[in-house]
Amino acid sequence: MSNLKKEFQENKLYGLFLIMLGACAICQLILTFYFTAFQGQEHMGIDASWEYLKGIVAAKEGSLYPASVMHGTTHPEFERMILVLPFYKLIGNIFVAYSLSNLIFTLISILLIFIISENFKFNMSVKLLLINMFLCPYLANGYKVANELGYHESVNGFAAYYNVLIIAFFLILLYFTGDECNKKISWLGILTCFVIAYVAMCKGMGIFIWVGLPIILFLLIQMFVKNDIKIFTQTKSIYLILFVAAMFVGRMIGGILGFEYLDSDSMWVNAGEFMKNLGNLLLGFPLMLGGIPDAGITRNPASLFGFVYCFGIVISFVLYLAVIYWLVMTVKKAKESEAMDENILFLLVIFFTAIFMFAFLAPYIIGDSFSVRYLIIATLAGFFMIGLFIQSLDEKLLFRKFGVVALFVSIACMDLYSDYFLAISDNSAWRVDELLSAVEKTDAGLVYFWDNGKTLVQPERVIRVIDDSRVYKCVSNGDTLENFGDYKYYDDSTQYEGATVMVVLQDDIAAPESVMEQYELIDTIGDYGIYYCNNNPVDFKNMVSNWKE
């Protein structure tokens with residue numbers, strides 16, 4: 001702290017820059033909290049609705065993850081419930097509960113970034129720059145209300161699917177870069193093992209691809225470079241191996257507890273899709289960081305909304321520059337038989353393992369669409385390589401000074417654009433509030449949404465979170481029960497006796513005619529028709545194609 005005060009006194013311009021960096025980070029942190037707490041309903045899409053619904057059902061059932069009443073998705077993903085449930089039970093608002101939970105996890109991540117930066121001996125400006133990069137939403141392409149799955153939604157905002165996984169990654173990096181790796185009994189190492197096992201239990205073996213496999217590859221590279229198999233007996237290596245073992249232990253515990261995972265759904269990419277998938281990976285980083293327009297988006301570079309990509313290009317360019325620089329330097333040292341920096345080597349392995357694995361494997365999406373969230377851990381590793389690159393340059397170089405300012409300006413402008421896009425985006429087109437108002441005028445305890453396509457899935461997914469006093473079920477494509485990420489209440493619809501409501505599209509009524517004959521139209525809202533029946537004529541067992549006992 002005394003050194004920081006001295007720097008302020010000696011260089012007031014540098015002190016002003018630090019203030020700007022800190023203010024930018026604080027403002028974005030506050031705005032992220034605001035949007036999640038008070039605009040969560042308006043920004044809720046399909047995947048986010050399942051995340052919120054899990055919290056509501058878990059609170060009702062008194063369990064972190066009541067698998068018996070939940071249809072799974074890819075993984076249980078209940079790791080955030082340790083904070084969400086207490087806040088939800090205390091406050092009664094799922095969006096505020098998630099915002100408080102996210103805030104705590106984000107603050108923990110910021111603290112870990114700061115400590116890791118201390119291990120790297122970054123100066124204060126680089127530390128704050130990294131924190132700003134971590135907090136930036138990167139929403140140059142706007143907010144996809146239907147189902148946003150980019151950096152912001154995965155890391156800090158709204159559902160924040162990956163925030164606990166990211167903490168596990170930061171803990172591994174903290175252990176790897178600090179003095180704890182020299183201790184035979186490391187409390188940080190033991191804590192990290194427990195956190196990793198917990199994340200693996202909640203999220204399956206994705207953590208193995210993102211972090212576990214890079215650990216194994218790093219140790220193998222070290223063994224070959226040093227030509228010494230005894231590297232595996234070193235204290236640091238033993239703990240790294242324990243981290244990988246914890247991933248399998250956590251996954252095994254989840255299996256014993258009856259949790260379902262879709263780890264086995266990954267497929268090899270075939271020859272016809274390989275180059276396309278590899279291209280998606282290489283473009284994935286600038287796509288996630290706002291450097292290129294997403295598919296279907298056309299904007300003039302000179303327009304207000306088109307200019308935002310200039311800032312994303314700067315951020316992406318600096319990321320690629322840092323990665324390539326350290327890759328070249330590491331290879332050069334290896335050729336000259338010089339000692340490689342283990343920290344940089346580990347970050348490089350994490351970065352390139354993600355590219356290599358997802359070039360050959362298709363987790364769920366291949367071809368024209370690639371889910372950039374699979375690159376988040378690699379991107380965070382890249383952020384630290386940016387910090388190391390900046391720190392390696394002479395502070396007197398104009399290239400460093402100009403580059404740091406340009407990077408900060410790009411991040412700050414990306415923040416502004418992202419927050420603007422968040423402010424103007426909502427799901428009001430689905431008219432959920434009006435639908436709920438019509439439903440609440442009835443005494444129905446079970447509400448059906450039924451259509452021939454998937455138009456009604458979006459409003460149904462949102463309304464089931466807002467109104468937990470009724471059960472909502474959706475049938476799409478004419479006869480498919482939408483149970484991927486839903487509660488199991490009344491999957492056997494005959495178990496419910498009482499009044500029901502049916503929501504359909506008026507110009508394309510999909511529910512069976514024998515059912516609709518028993519319903520009475522009570523309201524129309526745009527294309528929606530709301531029908532009421534004083535009993536329950538629906539039998540999913542005989543009316544949907546994917547019904548299961």
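Remember, predicted model here, so these are calculated numbers, not experimental data.

Colleague: Got a sec to walk through a nonpolar patch on the surface? Specific residues and values, please.
Modeller: Among the surface-exposed residues, Ile216, Leu217, Leu220, Ile221, Phe224 and Val225 lie close enough to one another that they form a single nonpolar patch of about 470 Å² accessible area. Tracing the backbone shows Ile216 in helix 10 (residues 206-226).

Colleague: Could you give an account of the side chain of Arg464, naming the residues involved and the relevant values?
Modeller: Checked against the element boundaries, Arg464 lands in helix 18 (residues 457-466). On the basis of relative accessibility, which here comes to 1%, the residue Arg464 falls in the buried class. Within the local environment of Arg464, its side chain forms a polar contact with the side chain of Asp486, the two groups lying 2.9 Å apart. Not counting residues up to four positions away in its chain, the partners in contact with Arg464 are Ile46, Ser49, Trp50, Leu53, Tyr472, Gly485, Asp486 and Tyr487.

Colleague: Run through the packing of helix 2 (residues 12-38) against helix 6 (residues 124-135), naming residues and quoting values.
Modeller: Helix 6 packs onto helix 2 with a crossing angle of 25° between their chain directions and a minimal axis gap of 9 Å. The orientation of helix 2 with respect to helix 6, classified from their angle, is roughly parallel. Here helix 2 runs over helix 6; the crossing is left-handed. Mapping the contact onto sequence places Tyr14, Phe17, Leu18, Leu21, Gly22, Cys24, Ala25, Gln28 and Leu29 in helix 2 and Met124, Ser125, Leu128, Leu129, Ile131, Asn132 and Leu135 in helix 6. Here the contact of helix 2 with helix 6 is built from residues that sort into twelve nonpolar, four polar and no charged.

Colleague: An account of the packing of aromatic side chains is needed here, citing residue identities and associated values.
Modeller: Here the distance between the centres and the angle between the planes together describe a pair of aromatic rings. Across all of its chains, the model carries 40 aromatic pairs by this definition. Here Phe17 and Phe408 contribute two aromatic rings whose centre-to-centre distance is 5.6 Å and whose plane-to-plane angle is 90°, an arrangement assigned as edge-to-face. On the criterion of sequence distance, the pair formed by Phe17 in helix 2 and Phe408 in helix 16 (residues 398-424) is long-range, its members being 391 residues apart. Neither Phe17 nor Phe408 differs from the other in exposure class; each is buried. Above the plane of the ring of Phe176 lies Lys236, whose end atom (NZ or CZ) is 3.7 Å from the centre.

Colleague: Please give an account of the nonpolar core that cites residues and values.
Modeller: Counting residues in hydrophobic clusters, the biggest one holds 198 residues, and the most contacted among them are Phe134, Phe170, Phe384 and Met502. The residues contacting Phe134, other than those within four sequence positions of it, are Thr106, Ser109, Ile110, Ile113, Tyr151, Val155, Asn156, Ile166, Phe170, Leu380 and Phe383.

Colleague: Tell me about the pairing of strand 8 (residues 500-505), and please be specific about residues and values.
Modeller: Strand 8 sits mainly inside the fold: six of its six residues count as buried. The side-chain alternation of strand 8 yields two buried faces, one formed by Thr500, Met502 and Val504 and the other by Val501, Val503 and Leu505. Relative to strand 8, strand 4 (residues 446-450) is paired through four bridges, and the arrangement is parallel. Bridge pairing in strand 8 places Phe449 opposite Val503.

Colleague: How would you explain the pattern of salt bridges if you had to name every residue and give the values?
Modeller: It is possible for side chains bearing opposite charge to pair when their charged atoms get close. Taken as a whole, this structure holds 18 salt bridges when the rule is applied. Lys127 is the salt-bridge partner of Glu118, the closest N and O atoms lying 2.1 Å from each other. A single salt-bridge network, built from bridges that share partners, covers Glu51, Lys54, Glu77, Glu79, Arg80 and Lys203.

Colleague: Let's hear about the packing of helix 8 (residues 163-177) against helix 15 (residues 376-392): which residues, and what values?
Modeller: Following both chains from N to C, one finds helix 8 and helix 15 inclined at 40°, their axes separated by 11 Å at the closest point. Accordingly, the angle class assigned to the pair helix 8 and helix 15 is oblique. Pair helix 8 / helix 15 crosses with right-handed handedness. Mapping the contact onto sequence places Leu165, Ile166, Phe169, Phe170 and Leu173 in helix 8 and Ile376, Ile377, Leu380, Ala381 and Phe384 in helix 15. Class assignment for the residues of the contact of helix 8 with helix 15 results in ten nonpolar, no polar and no charged.

The rules behind each value
Residues numbered from 1 in each chain as written. Predicted model: local features only at pLDDT ≥ 70, side-chain atom pairs only at ≥ 80, totals over all residues. Heavy atoms only, no water. Patch = residues over 30% accessible without salt bridge, like charges linked within 9 Å, V, L, I, M, F, W, Y side chains within 5 Å. Areas by Shrake-Rupley, 256 points an atom, 1.4 Å probe, with all protein chains shown as cover. Salt bridge = Lys/Arg side-chain N within 4 Å of Asp/Glu carboxyl O. Helix = DSSP H or I, 4+ residues; strand = E, 2+ residues; numbered from the N terminus. Buried < 20%, exposed > 50% of the residue type's maximum accessible area, 1.4 Å probe, protein only. Polar contact = N/O pair within 3.5 Å; in protein donor to acceptor, adjacent residues only side chain to side chain. Contact = heavy atoms within 4.5 Å. Axes fitted to C-alpha atoms, helices over the stretch in contact; angles between N-to-C directions. Parallel < 35°, antiparallel > 145°, perpendicular 65-115°, else oblique. Left-handed = near helix turned anticlockwise from the far one by under 90°. Nonpolar A, V, L, I, M, F, W, Y, C, P; charged D, E, K, R; others polar. Phe/Tyr/Trp six-rings, centres within 6.5 Å; stacked < 30°, edge-to-face > 60°. Lys NZ or Arg CZ within 6 Å of the ring centre and 35° of its normal. Core = buried A, V, L, I, M, F, W, Y, C linked by side-chain atoms within 4.5 Å. Pairing = 2+ DSSP bridges.

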